[in-house]
Amino acid sequence: MAETGRPGWWKVAAIALALAASASPGLGDISSRDAAFAKARAALARGDGVAAEIALRDAQAQGADKRTIAAGMGEAFLAEGKLDKAREWLGPAQFAEADQTRGLRMLSRLESQQGNTAAALAALEKAIEGDTKDADSWVDLAQLRYRTGNQLAALDSLQSALKVGPDNLRALDFQGLIVRDQFGPEAALVWFERGLMKSPNDGVLLADYAATLGELGRYREMLVVTRRMLELGVAEARAQYLQGVLAARAGNLSLARACLNRAGAVADNMPSASLLSGIIHLQDGNPKLAVDAFQRITGQQPQNEAAQLLLARALYEAGDQKGVIARYSDWASSSSAPPYLLTLVARAYEDTGDRVLAAPLLDRAAAVQQAGLRPAFGFAATGSPPADAAAAQVRAALVSGRTNEAVAIGERLRNDWRGMGSAHLLAGDAYFAAGRFDLAASSFAEAARVRGDDNLAVRLVLANAGQGRMATGAQVAASFLAAHPQSPVAARLAADYAASAGDWGRTRMLLENLAAGSGGRDMRLLSDLSFAQLRLGDTKAAVQSARRALDLQPASPVAAQALAMALKTGKQNDALAAALTARAARP
């Protein structure tokens, strides 16, 4: 028992604690500092750089040193888009030991945004060397490698991320995107769903899940997901854009425009949103506004063929025929020019009074013979001038018929950039042009490890056909249609193989589905549909399809022959049938 008049032991302890608190940062200050760090982490998790910066400055005022807040401040300024400020905190690479990996990861993102790819890779490699089990660093490395053309190495990095962090949300999302490119949207769903099971309110996962549902034609489910995003207030700009896509698909252009407007400035940095905006302007009769939208895309993605063709159309509809000629006459003069571009440039020449230059372009557009395999147009810039220059040389050699040169450059490009899917694609094009179909098929198969799109499916089918491997080609077509049920190219390939196998019922079904949608203005498709209908004994339908084909291209021998056959079989208008047969036979 304590002596009378002397403080008890608990009073002594309380006094000691109070004295310690007055002499150094105490429990109260530490608690405040921890609270500030917690606020910063929460702000960064929702992408609010300003709130994170304020919270971290509060932590600094509570006694946190610069090394302790450097990684967080750098991340905050990255979120705000203030790269110079971010470099002040990240550039020295002076981070607290607990933040070393995160700091290097943020430094890598900064270097990447400023175009310093080598420095970005070095920072990530150092981060992983210090902590091989940090899944976020592996994901960043995978994404960086993918963007800079080393896609096959990116796949390896992503597998490392999933190995050390099987529930890492960014790894699951990126794997979903990769699988969607490789094997189609159906196969990708499971990865997004797996991530959403872990974090149902994650905006990035919800947005990619909704977009994938849209690719599958599951529009009601897509709408439900986008509404959920808006309710949660996550990835709202992407949600508005996706709802705009749905509205445009349904023909409600005013709603689609409103959705894009609500997406705000964020949509200006989304090429897909600019594409949709341009299409809406074209449909609304505002081609000059459409030109602005499509030029934003082609400025960022000069090899985007769809955007280039839409820009050509917008220029023409805006009355800028000279602009069409100046921008696209060189492409129109090459063997890789699509018929649509040939027609647009020809019309531009006609409108400016130059029918001499217009006539051969229109003849080429209406020509029956296949133009052959077109060089890969969608080779995106890699950030490596040597790779980009080699790719341009391969395309130029192929267009001008210098096949051996194209093969030599293509092989060098592929050997120097073995992880780049586009390098294997261009090498395959060169082999195909040289008639070396076995090497072309193997190159295309390697490219398919990265991305299995429409163009690559056509190439794989043709390369197998060139070797006489029709059964393999049919398997490729069937697999591609199963993986991409909304792809017109997949349906067209499957229809061709069904016809070659004598399965006219399936051929007709596939072609009629296409004709009811995007194929309704495809002369060759309608002519093939007429033949399939004729083989099934439906003469009336065959005549109707053939007439639609001939209306689209009155000078086409293919459409003329299709209608002649349908009329003869139905014993209708023998004189017209004879005249059409004669027209089709003319060289």
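None of the values given here were measured: they were computed from a predicted structure.

Asks: Just to check I follow, could you spell out the overall build of the chain for this structure?
Replies: The helix and strand tally for the chain stands at 33 helices and 0 strands. Summarising its shape, the C-alpha atoms of the chain cover approximately 130 × 50 × 50 Å along the three principal directions. Of all 587 residues assigned to the chain, the portion counted as buried reaches 46%. Element-wise, carbon and sulfur atoms account for 53% of the exposed surface of the chain, whose accessible area totals about 28,800 Å². Taking the average place of the 64 positive charges on the side chains of the chain and the average place of its 60 negative ones, the gap between the two points comes to 4 Å.

Asks: Please explain the nonpolar core as it appears in this structure.
Replies: Most often, soluble globular proteins have nonpolar side chains that are buried together. Grouped together as the largest cluster of nonpolar side chains are 53 residues, with contacts concentrated most on Leu158, Tyr209, Val225, Met229 and Tyr241. Tallying contributions element by element places helix α12 (residues 203-215) first for this core, with 7 residues. When neighbours within four sequence positions are excluded, Met229 is seen to be in contact with Gly203, Leu206, Ala207, Val234, Ala235 and Ala239. With 36 residues, the next largest nonpolar core counts Leu493, Tyr497, Leu514 and Leu550 among its residues.

Asks: Whenever I open this one, the packing of aromatic side chains confuses me. Can you help?
Replies: Note on aromatic pairs: each is described by the distance of the centres and the angle between the planes. Counted by the stated rule, this structure contains 4 aromatic pairs. A ring pair is formed by Tyr328 and Trp331, whose centres lie 6.3 Å apart and whose planes are at 45°; its orientation type is tilted. Taken as a pair, Tyr328 and Trp331 lie in helix α19 (residues 321-332) at a separation of 3 residues, close to a single helical turn. The buried category is assigned to Tyr328, whose relative accessible area is 2%. By relative accessible area, which is 12% here, Trp331 ends up buried. Look at Phe432 and Phe437: their rings are 5.1 Å apart centre to centre, the planes differ by 70°, and that puts the pair in the edge-to-face class.

Asks: Teacher, can you tell me more about the pattern of salt bridges here?
Replies: Where side chains of opposite charge bring their charged atoms close, a pairing between them can arise. Applying the stated criterion across every chain yields a total of 29 salt bridges. Note that Glu111 is salt-bridged to Arg87, the shortest N-O span being 3.0 Å. With Glu111 in helix α6 (residues 100-113) and Arg87 in helix α5 (residues 83-90), the pair connects residues that are 24 residues apart, well separated along the chain. A salt bridge links Arg451 to Asp181; the shortest N-O distance between them is 2.8 Å. Taken together, the positions of Arg451 in the loop between α25 (437-447) and α26 (454-466) and Asp181 in helix α10 (residues 169-183) put the pair 270 residues apart, joining distant regions of the chain. Judged by its relative accessible area of 42%, Arg451 is partly exposed.

Asks: What am I meant to see in the packing of helix α15 (residues 253-263) against helix α16 (residues 271-283) here?
Replies: To describe two helices that pack against each other, one gives the angle between their axes and the distance between the axes. Packing of α15 against α16 leaves a shortest axis separation of 10 Å and a crossing angle of 145°. Handedness of the crossing formed by α15 with α16: left-handed. In this structure, α15 contributes Leu253, Ala256, Arg257 and Leu260 to the contact, and α16 contributes Ala273, Leu276, Ser277, Ile280 and Gln283. Split into classes, the residues belonging to the contact of α15 with α16 amount to 6 nonpolar, 2 polar and 1 charged.

Asks: Looking at this structure, I do not really get helix α28 (residues 488-500). What am I missing?
Replies: Since one α-helical turn is 3.6 residues long, residues separated by three or four positions face the same way. Under the 1.5 Å per step criterion, the end-to-end length of α28 is 18 Å for 13 residues, consistent within 8% with the ideal 18 Å. Inspection of α28 places Ala490, Ala491, Arg492, Leu493, Ala494, Ala495, Tyr497 and Ala498 among the buried residues, and these make up the whole buried set. Where α28 is buried, its residues meet α26, α27 (470-483), α29 (504-515) and α30 (523-535). Trailing α28 by a residue or two, Gly502 shows a phi angle of about 80°, which is positive.

Asks: Can you help me understand the confidence of the model for the chain in this one?
Replies: Close reading of the predicted structure is inappropriate where its pLDDT is low. Taken over all residues, the pLDDT of the chain has a mean of 87, while the share at 70 or more is 91%. Below pLDDT 50 for its whole length, residues 368-372 participates in 4 contacts with residues either more than four positions away or in separate chains. For residues 377-383, every residue scores under 50 in pLDDT, and the model assigns this stretch 24 contacts once sequence neighbours within four places are set aside.

Asks: What's the story with the side chain of Asp208 in this structure? I'm lost.
Replies: Along the chain, Asp208 turns up in helix α12. Residue class for Asp208 comes out buried when judged on its relative accessible area of 6%. Residues within four places of Asp208 in sequence aside, it is in contact with Asp173, Leu177, Arg180, Phe192 and Arg238.

Asks: Is there a simple way to think about unusual backbone geometry in this case?
Replies: Backbone phi values are negative for most residues with the exception of glycine, while trans is the configuration of most peptide bonds. With a phi close to 45°, Ala235 is a non-glycine residue in the positive phi region. In this structure Ala235 comes out as partly exposed when scored by relative accessible area, which is 31%. At Lys571, a residue that is not glycine, the phi angle is positive and equals roughly 55°. Position of Lys571 among the secondary structure elements: in the loop between α32 (557-569) and α33 (574-585). On the accessibility criterion, Lys571 (73% relative accessible area) is exposed.

What counts as what
- Residues numbered from 1 in each chain as written.
- Predicted model: local features only at pLDDT ≥ 70, side-chain atom pairs only at ≥ 80, totals over all residues.
- Heavy atoms only, no water.
- Helix = DSSP H or I, 4+ residues; strand = E, 2+ residues; numbered from the N terminus.
- Buried < 20%, exposed > 50% of the residue type's maximum accessible area, 1.4 Å probe, protein only.
- Areas by Shrake-Rupley, 256 points an atom, 1.4 Å probe, with all protein chains shown as cover.
- Lys, Arg positive; Asp, Glu negative; His and termini not counted.
- Charge placed at Lys NZ, Arg CZ, Asp CG, Glu CD.
- Core = buried A, V, L, I, M, F, W, Y, C linked by side-chain atoms within 4.5 Å.
- Contact = heavy atoms within 4.5 Å.
- Phe/Tyr/Trp six-rings, centres within 6.5 Å; stacked < 30°, edge-to-face > 60°.
- Salt bridge = Lys/Arg side-chain N within 4 Å of Asp/Glu carboxyl O.
- Axes fitted to C-alpha atoms, helices over the stretch in contact; angles between N-to-C directions.
- Left-handed = near helix turned anticlockwise from the far one by under 90°.
- Nonpolar A, V, L, I, M, F, W, Y, C, P; charged D, E, K, R; others polar.
- Expected span 1.5 Å × (residues − 1).
- pLDDT = per-residue confidence, 0-100.

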